[in-house]
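What the coordinates show
Read off the chains here:
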Amino acid sequence: FFQKTLAAVKSWFTLFGWSKGQNPISVPHSLRRDVCIVQLTVAQEKNFQQQVDKDKRFFEMLLNLNGQPIPGIAVSQALPPDPVQRMFQLHWQHSELLAFLRGQGAYLSHVMPEFLLTPEDYQLWTEVNTGLRVGSMRSSGKLSSRPVFILEHKTFETMSKRAWTDVLLQIYKVFVLPRISSRVVPDPSSLESLHNMPGIKSEPLCSNVYSRYERTVLIWLNKQYEKYRKIVWKDSQRGGIPPMRWIVNFDQDLLDGLVLAAQVAAYCPYLIPTHFIKMYTDPRTHEQLLHNCLIVVKALHAISLDMDIKV
């Protein structure tokens, strides 16, 4: 489950996270690297091959999605050359990032700033906090007195991957989902048949699973499907017009491809005779379900919406 979630997160942020085209990311490696732009001397710059594009840095992505930088953190800033000072600045940056996202409504109380560091910087952080390194900052009050989690390398990498994944998911939740308008314009042609179907409320406290923005999408899916199922498959030779359905989730109710096909057909009706009319409208076997999903993926490729979705 977590691997599938991670794959979806990487795909979305690769395609839509940055303002100037796609930027392939890896979690957590490229994200940790992108926030570690070190100020280099001229001699070092000549030998430094892996320069990160200034438009592809993590905080550039955050600026693109949020519309404004995090208070106190420049989109592009140099880090001290001293390893310990550099680690402290990164730890402070991550603390400010997490505090900012929590202030926007993100649920990140389980993510510690040190989990976002590179393994090398995390090693420094543990040495300073446990007094193994001379000149510990803990005794000088520069670090908080909260408990220190000392993790082995493999455990830390697992924790870091989970932490960065959760940060990206919460960034999506607080900066992307709220762009969805909560004002759903009633369509008289489709509302009549919806009267016999239980409604989905978009108020904040009506669900402990989906946010009001996600429920707005579900309302939209129901209205669009109810209207376009009669248009897309009116001449279907593989089951006729599909029956009415109540779409209440984003997994089980979308498995047969019909709901997704109806949404795409609403905006690309030219795909109906070439793709969607060939779908089974009452699929009963695994082969028929696979057939439908193949058609949906081929339709997405036909309009160049290649999001690397597996059938």
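I will try to describe carefully the structure that is included in this document. (Residues numbered from 1 in each chain as written. Predicted model: local features only at pLDDT ≥ 70, side-chain atom pairs only at ≥ 80, totals over all residues. Heavy atoms only, no water.)

Notes on the overall build of the protein chain
A tally of helices and strands in the protein chain yields 12 helices and 0 strands. When burial is assessed residue by residue, the protein chain has 42% of its 311 residues classed as buried. In the protein chain, 62% of the contacts between residues at least 6 apart in sequence involve partners at least 24 apart. Accessible area for the protein chain stands at about 17,600 Å²; split by element, carbon and sulfur atoms hold 57% of it. (Helix = DSSP H or I, 4+ residues; strand = E, 2+ residues; numbered from the N terminus. Buried < 20%, exposed > 50% of the residue type's maximum accessible area, 1.4 Å probe, protein only. Contact = heavy atoms within 4.5 Å. Areas by Shrake-Rupley, 256 points an atom, 1.4 Å probe, with all protein chains shown as cover.)

Notes on the packing of helix H4 (residues 58-66) against helix H7 (residues 153-176)
H7 packs onto H4 with a crossing angle of 25 degrees between their chain directions and a minimal axis gap of 10 Å. One way to sum up the angle between H4 and H7 is to call them roughly parallel. Residues Phe58, Met61, Leu62, Leu65 and Asn66 of H4 form the contact with H7, whose participating residues are Trp164, Leu168, Ile171, Phe175 and Val176. Among the residues making up the contact of H4 with H7, the classes are represented as 9 nonpolar, 1 polar and no charged. (Axes fitted to C-alpha atoms, helices over the stretch in contact; angles between N-to-C directions. Parallel < 35°, antiparallel > 145°, perpendicular 65-115°, else oblique. Nonpolar A, V, L, I, M, F, W, Y, C, P; charged D, E, K, R; others polar.)

Focus on a nonpolar patch on the surface
Among the surface-exposed residues, Leu290, Leu294 and Val311 lie close enough to one another that they form a single nonpolar patch of about 240 Å² accessible area. Within the secondary structure layout, leucine 294 lies in helix H12 (residues 286-302). For leucine 294, a relative accessible area of 36% gives the class partly exposed. (Patch = residues over 30% accessible without salt bridge, like charges linked within 9 Å, V, L, I, M, F, W, Y side chains within 5 Å. Salt bridge = Lys/Arg side-chain N within 4 Å of Asp/Glu carboxyl O.)

Describing the environment of proline 178
Relative to the helices and strands, proline 178 is located in the loop between H7 and helix H8 (188-194). Overall, proline 178 belongs to the partly exposed group, its relative accessible area being 32%. Residues proline 178 and serine 211, spaced 33 residues apart in sequence, show a C-alpha to C-alpha distance of 9.6 Å. Setting aside anything within four residues of it in sequence, one finds proline 178 in contact with Tyr172, Lys173 and Tyr213.

Topic: the packing of aromatic side chains
The tally for this structure, following the rule as stated, stands at 10 aromatic pairs. Residues tryptophan 12 and phenylalanine 13 carry aromatic rings whose centres are separated by 5.0 Å and whose planes lie at 75 degrees to one another, so their mutual orientation is edge-to-face. When the ring of phenylalanine 100 is compared with that of phenylalanine 175, the centres are 6.2 Å apart and the planes differ by 35 degrees; the resulting orientation is tilted. With phenylalanine 100 in helix H5 (residues 83-103) and phenylalanine 175 in helix H7, this residue pair connects regions lying 75 residues apart in the sequence. Chaining the aromatic ring pairs together yields one cluster made of Trp12, Phe13, Phe16 and Tyr172. Lying over the aromatic face of tyrosine 107, lysine 173 brings its terminal NZ or CZ to 3.7 Å of the ring centre. (Phe/Tyr/Trp six-rings, centres within 6.5 Å; stacked < 30°, edge-to-face > 60°. Lys NZ or Arg CZ within 6 Å of the ring centre and 35° of its normal.)

What to know about the packing of helix H9 (residues 212-232) against helix H10 (residues 258-267)
Where H9 contacts H10, the two axes come as close as 8 Å, and the packing angle between them is 80 degrees. Our classification of the angle between H9 and H10 gives roughly perpendicular. Each of Trp220, Leu221, Gln224, Tyr225, Tyr228 and Val232 in H9 lies in contact with H10, whose residues at this interface are Leu258, Val259, Ala262, Gln263, Ala265, Ala266 and Tyr267. Per-class residue counts for the contact of H9 with H10 are 11 nonpolar, 2 polar and no charged.

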